[in-house]
Amino acid sequence: MRFLCLPDLDKPIGGAKQLYRQVELLVELGWDAAVVTEHDGFRPTWFTSTAPTASIDACRERGDFEPEAAIVVVPETFLGINLDRYHGVDLSRLARVLFNQNAYYSYVNSGDRPLERLARFYDAPEVLQILCVSEDSHQFLRRNFGLADGRLSRIVHGIEPIFRPDGPKARRMLWMPRKNPEHVRAVLLALRRGQINHQQGWGASPLGEMPHSALAEQLNSARLFLSFGHPEGFGLPVAEAMAAGCYVVGYSGGGADELFRHGLAEPVPFGDWSGYVASIEQALRAFAESPRETDLRLERQSLAIRSLYSRDQEARSIQTAWERILTAFHHWQSSRAGSASSA
């Protein structure tokens, strides 16, 4: 199977990292998998990966896109792309899997004729399975898109062990600045202007673009993470912050609903800026008035996240999904052969 990850972008995009991660695990499990890039030798520098890569031209030249043997994995962001002529490859004739890391993006990319485009993308007989990454996405695709449950497989995102709660912690709150910046600004202004108890001695800083290892160091040394992501397919920054022992306040984005059920976290309805500030104040109060209990609850939260979203759980979910995909591929091949012989 060949996972399309184009164009070549060397900046922190969680979906790209998880795509490489799935290929890594498939190779470890004995499958023939590789990431397809735009140019030979391209590999993102902000995270490390052992996943094999090959350019789309190299794959085409060596016959990786022959319908008899190929399964291509297509991100949900390809919804608006013409699969008939993609870098000189007719992807529309190939068996494929849709890797849907943020189901909500399907609406963004659905264009002027959304029903037509969604049907062409999701309902084509060549689509063997749709992979999703959260309970929320599974329900969204089943209920809102009308996809049969048997065509959906959940992939568990494993959290790397570099996110840990047992190091020294500073009174700092962190956030990702790239999503909903107007919400970030409103909340930060309220923290400066409002009468917020217990915020003396606390620092606040954004998590800019940085290597994944540096991101882990920042979260491991902080006490509070502010989530502004919405909508989210899974909410990987929330999961990583929880694994690092951070108290999390903010938006679940839908995908992180399952994460906010564990441990010490305060979900805030999207756009409720007053409620957001009140939840931050509640977190600051917990650290000020009951520090031992708060630290113990954060340790339990980290353990729960690191156990439920471990590499083993991720590998197990990938193996199960791809066994189903292989069965569907054999059925698709048989159906295709039958159609050819009857013609």
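Given the structure is predicted, the values throughout are model-derived calculations rather than measurements. (Residues numbered from 1 in each chain as written. Predicted model: local features only at pLDDT ≥ 70, side-chain atom pairs only at ≥ 80, totals over all residues. Heavy atoms only, no water.)

J.: What should I look at first to understand the layout of surface pockets in this one?
T.: To find leftover empty space, one rolls a probe the size of a water molecule over the atoms. Taken as a whole, the second largest pocket holds about 290 Å³ of empty space. Surrounding the second largest pocket, 18 residues form its lining, Arg21, Glu24, Phe47, Thr48 and Glu160 being those nearest its centre. Among the elements of the structure, α1 (14-28) and α7 (212-220) are those that each provide at least two residues to the lining of the second largest pocket. The element best represented in the lining of the second largest pocket is α1, accounting for five residues. Residues of the lining of the second largest pocket, tallied by class, amount to six nonpolar, seven polar and five charged. (1 Å grid on protein atoms, 1.4 Å probe; cavity = no way out; pocket = protein on both sides within 12 Å on 5 of 7 lines; lining within 4 Å. Points joined across faces, edges and corners; volume = space filled by probe spheres on them. Helix = DSSP H or I, 4+ residues; strand = E, 2+ residues; numbered from the N terminus. Nonpolar A, V, L, I, M, F, W, Y, C, P; charged D, E, K, R; others polar.)

J.: Even after reading the chapter, I still don't get the sheet that holds strand β10 (residues 224-227), so can you show me in this structure?
T.: The strands making up a sheet are joined through hydrogen bonds of the backbone, oriented either antiparallel or parallel. Strand order in this open sheet of five strands is β9-β8-β10-β11-β12, and the pairing throughout is parallel. Looking along the sheet, the strands with just one partner apiece sit at the ends: β9 (203-206) and β12 (265-267). Pairwise comparison of adjacent strand axes, ignoring direction, gives a mean angle of 20° for this sheet. Relative to β12, strand β11 (residues 247-250) runs parallel, the two sharing three bridges. In the sheet register, Val248 faces β12, and the bridge partner there is Ala265. Sitting on the sheet, helix α8 (residues 236-243) is in contact with β10, β11 and β12, with an inclination near 170° to β10. (Pairing = 2+ DSSP bridges. Axes fitted to C-alpha atoms, helices over the stretch in contact; angles between N-to-C directions. Contact = heavy atoms within 4.5 Å.)

J.: Would you mind showing me how to read the nonpolar core here?
T.: Grouped burial of nonpolar side chains is what soluble globular proteins tend to show. Core analysis: the biggest nonpolar cluster contains 59 residues, and Phe3, Leu219, Phe225, Leu259 and Trp322 have the highest contact counts within it. Listing elements by their share of this core, those giving two or more residues are α1, β4 (71-75), β5 (95-100), β6 (127-132), α7, α8, α9 (257-260) and α12 (311-342). When residues of this core are assigned to their parent elements, the largest contribution, seven residues, is made by α12. With near-sequence residues (within four places) excluded, Phe225 lies in contact with Leu174, Trp175, Met176, Leu207, Leu219, Pro237, Val238, Ala241, Cys246, Tyr247, Val248 and Val249. Counting 31 residues, the second largest nonpolar core, distinct from the first, contains Leu83, Val89, Leu91 and Cys132. (Core = buried A, V, L, I, M, F, W, Y, C linked by side-chain atoms within 4.5 Å. Buried < 20%, exposed > 50% of the residue type's maximum accessible area, 1.4 Å probe, protein only.)

J.: So what exactly am I meant to see when it comes to the sheet that holds strand β1 (residues 2-4) here?
T.: Taken in spatial order, the seven strands of this open sheet run β3-β2-β1-β4-β5-β6-β7, and their pairing is parallel. At either margin of the open sheet sits one strand with a lone partner, and together these are β3 (53-55) and β7 (152-154). This sheet shows a mean twist of 30° between the axes of neighbouring strands, independent of strand direction. Alignment of β6 against β7, held across three bridges, turns out to be parallel.

J.: Would you explain the pattern of salt bridges in this entry?
T.: Note on pairing: side chains with opposite charge can pair once their charged atoms come close. Counting across every chain of the model gives 14 salt bridges. Where Arg21 meets Glu314, a salt bridge forms, and the shortest distance between an N and an O atom there is 3.1 Å. Highlighted residues: Arg21 in helix α1 and Glu314 in helix α12, separated in sequence by 293 residues. With relative accessibility at 8%, the residue Arg21 sits in the buried group. Residues Arg154 and Glu258 are paired through a salt bridge, measuring 2.8 Å at the closest nitrogen-oxygen approach. Linking Arg154 in strand β7 with Glu258 in helix α9, this pair joins segments that are 104 residues apart in sequence. For Arg154, a relative accessible area of 22% gives the class partly exposed. (Salt bridge = Lys/Arg side-chain N within 4 Å of Asp/Glu carboxyl O.)

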